[in-house]
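Reading the structure
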Amino acid sequence: MNTTFHQLADAILAGVPATPEDALAVLRADDAELMSVIAAAGRLRRAHFGNAVKVNYLVNLKSGLCPENCNYCSQALGSDAPILKYSWLSKDETLRQAGAGLKGGASRVCLVSSGRGPSTRDIDKVTEMVGALKEEYPDVEVCACLGLLKDGQAERLKAAGVDAYNHNINTAESNHDNIVQTHTYADRVDTVEKAKGAGISPCSGLIAGLGETDEQLVEALFALRDLGSDSIPVNFLMPFDGTPFENTWELSPTRCVKILAMARFVCPDKEIRIAGGREMHLRSLQPIALHVANSIFLGDYLTSEGQEAKADLEMIRDNGFVVLGSEEDLAQQAGRLEPIDPAIRRRGAGTDVLPNA
């Protein structure tokens, strides 16, 4: 079977797309074959993206108080999750938040707001923010995530300088009605198509761990391939207390890696982004996952905290990768490594402080 994964990579590199049967084989691979799966998927990652990792940064423009009932979401109607709730950030605060991520190494800023979809006034706010952001950081990529779009709104965002629009399909069409009832799967696809029609790069992904079957995970990934999503965020369910999915734990670190690998086999030349829940579910396998995926979010998410940004950047560097566009990592490519002083032990044997055990 190990040879089979490399044969699959050979075929994909030769231009033969993966089939649903191929994807299921990757997802159902024995844990003993995990490194072979990663090695084969990693060949595709390296062929299309080298050793670069794209770093993205989220700014939650408006948090909570959403009228939609997405069962996984801490911001949704009916959620009792004790999250931050606030209305729109000011333009200056948005610039301050975005600037922190860009200075930390991000090249794309994702401007996100809760809600069913933006009003005309909301579009006005966002276009003003985008203009100010592009003026201060001319090279930044801006991705907007504002919910379901109405006619003409994507064109306004494009004119303002929005590069990408995120709207995740989240799960397979056959599983959609089990997780949300206030809008349809077709509504989500329509918004992705509106963004594409306006010349905005489509960003759409999924959430794993929503009670879906293996076949439904495959269904969702092939739907994303058919949609032509340029960037595919792979989220892992964070079962917030106060939501219908609280206490739902279906994922293991190895399964999460296999899901990412399957995404790479199905969409070999697309940006596969390790998104929400990576710290909780991948845990110590996060560095391994970078050999399959080529993109992460830096720092915190919409309503949950991520690991320290410094740790993210160290993880990227220590595993032989470079942050896309980072001067620091370009220097490291040239062999100029920053020394790290050893930490002197001050606990355990010979002290009155408990050991690190």
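So, a few notes on the structure that sits alongside this text. (Residues numbered from 1 in each chain as written. Predicted model: local features only at pLDDT ≥ 70, side-chain atom pairs only at ≥ 80, totals over all residues. Heavy atoms only, no water.)

Section: the layout of surface pockets
Operational definition: For each structure, a 1 Å grid was placed over the protein atoms alone; sets of points admitting a 1.4 Å probe that cannot get out are labelled cavities, open sets with protein on both sides within 12 Å along at least five of seven lines are labelled pockets, and lining residues have an atom within 4 Å of a point. Grid points are joined across faces, edges and corners, and a volume is the space filled by probe spheres set on the points. Secondary structure is summarised from DSSP: a helix means a run of H or I of at least four residues, a strand means a run of E of at least two, and numbering begins at the N terminus for each. By the convention adopted, Pro, Cys, Tyr, Trp, Phe, Met, Ile, Leu, Val and Ala count as nonpolar, Lys, Arg, Asp and Glu as charged, and the other residues, Gly among them, as polar.
By volume, the largest pocket is sized at about 360 Å³. As for the largest pocket, its lining consists of 17 residues, of which Leu-84, Tyr-86, Asp-300, Tyr-301 and Leu-302 are closest to the centre. At the level of secondary structure, the elements contributing two or more residues to the lining of the largest pocket comprise strand 1 (52-62) and helix 4 (91-103). When residues of the lining of the largest pocket are assigned to their parent elements, the largest contribution, four residues, is made by strand 1. Looking at the lining of the largest pocket residue by residue, the class counts come to nine nonpolar, five polar and three charged.

Some remarks on the pattern of salt bridges
Selection rule: For this document, the term salt bridge refers to a Lys or Arg side-chain nitrogen within 4 Å of an Asp or Glu carboxyl oxygen. Burial classes: relative accessible area under 20% of the type maximum marks a residue as buried, over 50% as exposed, and values in between as partly exposed (1.4 Å probe, protein chains only).
What the rule picks out here adds up to 23 salt bridges. Taking the shortest distance from any N to any O, the salt bridge between Arg-156 and Asp-124 comes out at 2.7 Å. Here Arg-156, found in helix 6 (residues 153-160), pairs with Asp-124, found in helix 5 (residues 120-136); they are 32 residues apart in sequence, far enough to count as distant. Taking relative accessible area as the criterion, Arg-156 reaches 34% and is therefore assigned partly exposed. On the basis of relative accessibility, which here comes to 35%, the residue Asp-124 falls in the partly exposed class. The closest approach of N and O atoms between Asp-318 and Arg-317, which form a salt bridge, is 3.9 Å. Among the residues examined, Asp-318 registers a relative accessible area of 58% and is labelled exposed.

Remarks on empty space enclosed by the protein
If you walk through the whole model with that rule in mind, you get one cavity of 30 Å³ or more. The wall of the largest cavity is formed by 40 residues, among which Tyr-72, Cys-73, Gln-75, Asn-168 and Leu-302 lie closest to the centre. Elements that contribute at least two residues to the lining of the largest cavity include exactly strand 2 (108-113) and strand 7 (231-236). Residues of the lining of the largest cavity, tallied by class, amount to 21 nonpolar, 15 polar and four charged.

A short note on the pairing of strand 8 (residues 271-274)
Moving residue by residue along a regular strand, the side chains alternate between the two faces of the sheet. Which entries qualify depends on this criterion: Each pair of strands is called paired provided DSSP finds at least two bridges between the two strands. Convention used here: a crossover is right-handed provided that the path from the first strand, over the helix, to the second strand proceeds clockwise when the strands point away from the viewer.
Burial along strand 8 is two-sided: Glu-271 and Arg-273 and Ile-272 and Ile-274, pointing in opposite directions, are all buried. Sheet topology note: the strand 7/strand 8 ladder contains four bridges and is parallel. In the strand pairing of strand 8, Pro-233 is matched with Arg-273. Taken together, strand 7, helix 10 (residues 253-266) and strand 8 form a β-α-β motif whose crossover is right-handed. Here strand 8 pairs with strand 9 (residues 295-297) via two bridges, running parallel.

Some thoughts on the environment of Pro-17
Position of Pro-17 relative to the elements: it lies in the loop between helix 1 (2-13) and helix 2 (20-27). Assessed through its relative accessible area of 52%, Pro-17 is described here as exposed. In this structure the C-alpha to C-alpha distance between Pro-17 and Thr-213, which are 196 residues apart in sequence, comes to 22 Å.

A word on the side chain of Ser-74
The condition is simple: Polar contacts, as used here, are pairs of N or O atoms within 3.5 Å; protein pairs need one atom able to donate a hydrogen and one able to accept it. Residues neighboring in sequence count only if both atoms are side-chain atoms. Should any heavy atoms of two residues lie within 4.5 Å, those residues are counted as being in contact.
In this fold, Ser-74 is placed in the loop between strand 1 and helix 4. Take Ser-74: its relative accessible area is 5%, and that puts it in the buried class. At 2.8 Å, the side chain of Ser-74 forms a polar contact with the side chain of Thr-303. The residues touching Ser-74, leaving out its near neighbours within four places in the chain, are Ser-79, Ala-81, Ile-83, Phe-240, Thr-243 and Thr-303.

Some words on helix 8 (residues 185-197)
For the record, the criterion: Take the number of residues in a helix, subtract one, and multiply by 1.5 Å to get its expected span.
Over its 13 residues, helix 8 extends 18 Å from the first C-alpha to the last, a length consistent with the 18 Å expected when each residue adds 1.5 Å. For helix 8, the full list of buried residues reads Tyr-185, Arg-188, Thr-191, Val-192, Lys-194 and Ala-195. Buried-residue contacts for helix 8 involve helix 6, strand 4 (164-166), helix 7 (173-179), strand 5 (201-203) and helix 9 (214-227). In the segment just after helix 8, Gly-199 is the residue with positive phi, at about 85 degrees.

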